[in-house]
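Here is how the chains run, residue by residue.
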Amino acid sequence: MNEEKELCRLPNIRMEDSKNNIEIVKCNKYIDKFYEITKEYQKEYLGRMKTMRADRKKSFYDMVNDSKSVVADEMIFYK
């Protein structure tokens, strides 16, 4: 596969580690892929915001960027 050969040339990506719960995903824009992956979580979050006091409501984007309690995944995307 040509894409795997291309990835092998990148010094920080080791294809042999893919067995350790690493999935390499091709995408054009990181933010688009991030929102695609977190779509279900975003729906759940927006549902909770419907019952939240107006002064405590945040957009999903703000919650992800501001929160210290959100568990983040490390994501590696390539073009």
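Residues numbered from 1 in each chain as written. Predicted model: local features only at pLDDT ≥ 70, side-chain atom pairs only at ≥ 80, totals over all residues. Heavy atoms only, no water.

Draft legend 1. Representation of the overall build of the chain. Looking only at helices and strands, the chain features four helices and two strands. For the chain, the N- to C-terminal ordering of α and β elements is α-β-α-α-α-β. Counting the 79 residues in the chain, one finds 18% classified as buried. Here the contacts in the chain between residues at least 6 apart in sequence split such that 51% fall between residues at least 24 apart. (Helix = DSSP H or I, 4+ residues; strand = E, 2+ residues; numbered from the N terminus. Buried < 20%, exposed > 50% of the residue type's maximum accessible area, 1.4 Å probe, protein only. Contact = heavy atoms within 4.5 Å.)

Draft legend 2. Local environment of a nonpolar patch on the surface. Together, Tyr30, Ile31 and Tyr61 make up a nonpolar patch on the protein surface, roughly 320 Å² of accessible area in all. With respect to the secondary-structure elements, isoleucine 31 resides in helix α2 (residues 30–37). What makes isoleucine 31 partly exposed here is its relative accessible area of 36%. (Patch = residues over 30% accessible without salt bridge, like charges linked within 9 Å, V, L, I, M, F, W, Y side chains within 5 Å. Areas by Shrake-Rupley, 256 points an atom, 1.4 Å probe, with all protein chains shown as cover. Salt bridge = Lys/Arg side-chain N within 4 Å of Asp/Glu carboxyl O.)

Draft legend 3. A look at the pattern of salt bridges. Evaluated as defined, the whole model comprises five salt bridges. When the shortest N-O distance is used, the salt bridge between aspartate 55 and arginine 53 registers 3.1 Å. The exposure class assigned to aspartate 55 is exposed, which follows from its relative accessible area of 61%. The shortest N-O distance in the salt bridge between aspartate 66 and lysine 58 comes to 3.4 Å. For aspartate 66, a relative accessible area of 45% translates into the label partly exposed. On the basis of relative accessible area, lysine 58 is assigned to the partly exposed category, the value being 38%.

Draft legend 4. Region of interest: the packing of aromatic side chains. This structure, assessed with the given rule, holds four aromatic pairs. Geometrically, the ring pair formed by tyrosine 41 and phenylalanine 60 is edge-to-face, given 5.7 Å between the ring centres and 70° between the ring planes. Placement of tyrosine 41 in helix α3 (residues 39–49) and of phenylalanine 60 in helix α4 (residues 60–66) is noted, with a sequence separation of 19 residues between them. Members of the aromatic cluster, joined through ring pairs, are Phe34, Tyr35, Tyr41, Tyr45 and Phe60. (Phe/Tyr/Trp six-rings, centres within 6.5 Å; stacked < 30°, edge-to-face > 60°.)

Draft legend 5. Local environment of the nonpolar core. If you look at the biggest cluster of nonpolar residues, it comprises five residues: Phe34, Tyr45, Met49, Phe60 and Met63. Put simply, the parts of the chain that give this core at least two residues each are α3 and α4. (Core = buried A, V, L, I, M, F, W, Y, C linked by side-chain atoms within 4.5 Å.)

Draft legend 6. Spotlight on the confidence of the model for the chain. Averaged over all residues, the pLDDT of the chain equals 75, while 59% of them reach at least 70. When the elements of the chain are averaged for pLDDT, helix α1 (residues 2–8) gives the smallest value, 55, and α3 the largest, 92. (pLDDT = per-residue confidence, 0-100.)

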